[in-house]
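Coordinates in review
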Amino acid sequence: PSTAEDLIEKIVNKTSDSITVVDQAGRTVTIKLPVERIIVTNYREMELLLALGAADMIVGVDSTFHKSMPYYGLKDVAEVAKHATEINYENVLLQNPDLVIMPTKQGATAEEVAKKLKNIPVIAFSLTDKDHLILDTEIMGAILGKEGEAEKIIDWIHKYDSIVDDRIKDIKTEDMPTFYYEASTDMSKWVAAAPTSSQAKVTEGCGAINIAQDLGLNSTTTSAEVGAEWVMTKDPDFIFMDSHGTTLAGVGHTPEDIQANLTKKIEDRASEGFENYKAMKNNHVYVLSRDWTGGPDWVIGRVCFAKWFHPELFKDLDPEAMNKEYLEVFFPGITIEGTWAYPAPE
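So, here is what we can say about the structure in this document. (Residues numbered from 1 in each chain as written. Predicted model: local features only at pLDDT ≥ 70, side-chain atom pairs only at ≥ 80, totals over all residues. Heavy atoms only, no water.)

Next up on the list: the packing of aromatic side chains. What the rule picks out here adds up to 26 aromatic pairs. Aromatic pair Trp 156 and Tyr 326: ring centres 5.3 Å apart, planes at 35 degrees, arrangement tilted. Pair noted here: Trp 156 is in helix H6 (residues 147–168) and Tyr 326 is in helix H11 (residues 319–330), with a separation of 170 residues, a long-range link. On the basis of relative accessible area, Trp 156 is assigned to the buried category, the value being 6%. Residue class for Tyr 326 comes out buried when judged on its relative accessible area of 2%. Above the ring of Trp 298, the side-chain terminus of Lys 130 is found at 5.3 Å from the ring centroid. Of note, Arg 269 hangs over the ring of Phe 274, and the distance from its end group to the ring centre comes to 5.8 Å. (Phe/Tyr/Trp six-rings, centres within 6.5 Å; stacked < 30°, edge-to-face > 60°. Helix = DSSP H or I, 4+ residues; strand = E, 2+ residues; numbered from the N terminus. Buried < 20%, exposed > 50% of the residue type's maximum accessible area, 1.4 Å probe, protein only. Lys NZ or Arg CZ within 6 Å of the ring centre and 35° of its normal.)

Opposite charge on two side chains permits pairing when their charged atoms draw close. Counted according to the given criterion, the structure contains 19 salt bridges. Salt-bridge contacts for Asp 291 lead to Arg 44; the nearest nitrogen and oxygen are separated by 3.5 Å. In this pair, Asp 291 sits in the loop between strand S18 (285–289) and helix H10 (298–309) while Arg 44 sits in the loop between strand S4 (38–40) and helix H1 (46–51), placing the two residues 247 residues apart along the sequence. A salt bridge links Asp 129 to Lys 201; the shortest N-O distance between them is 2.8 Å. (Salt bridge = Lys/Arg side-chain N within 4 Å of Asp/Glu carboxyl O.)

Everything listed here is a matter of coordinates, which is why it stays silent on function.
What follows is the structure, encoded as structure tokens:
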């Protein structure tokens, strides 16, 4: 996993009329201030920017944003990219942006995109990874003139993150349960999420051991197809199924339909002896939406894991109440109904 010392993004210099930053691709970029028109080419980056109060600055999004996040509004904002695959340069230029925010690669690298857009600053930031999020929130706050809003988000994350740290710190390794975290259960099965994956990072310091820690995966290859037999040989205490999209859990889902989804997944593995797994016998098979492992609300997912592993230590924390607080504080006036974790931590 990354540490603060590993992160390369930073603010190099800021004046009243410009800011120079190093992005996650290691590129040094100078941006004229104030920034008033932003294009975001990947919908996963939108949540942090909207939590910062930048909705009125957004002039371009990817096509998935309107399909996956209609509750945030912005229905008339132009589509200028396709998630994870390509950017429509002509549509970008038509919006006359002051800044383009993209992942380190979206069909083309950030450097390649910047060359095509010439005089428009392009910065590569994946605003979802918990290891980067605090620093990236500070940088985005400085770029957008939203320093106060950024500090508010950071304080909210630290409040709950520090509670988990404090209560887990004395648990001995021999007392920690084991778990299998399955990546993108709604698209595949028996694909283990490594500790370096963005979603599994949220389990760090929650008082449990990822059985995929010995697979030798890294930050470039963060998952691996392992098969039912390998998982059975490890026989983990807990199994987590990752709802990458919205088919298993998340916005619009009720506990009842997630139970139906989970039942189908379990039935699909019946011939592989899934009923004999320790986690199944002890009712420790859970579904978690990736919404709660990426973006500013990743700390809600962390509380879920900590409470699933060690319920006696977290009786006073309620992830659903945290989510309600998060939405009320950072997205006032927006109602988002759904179920992100199932069965909910008791």
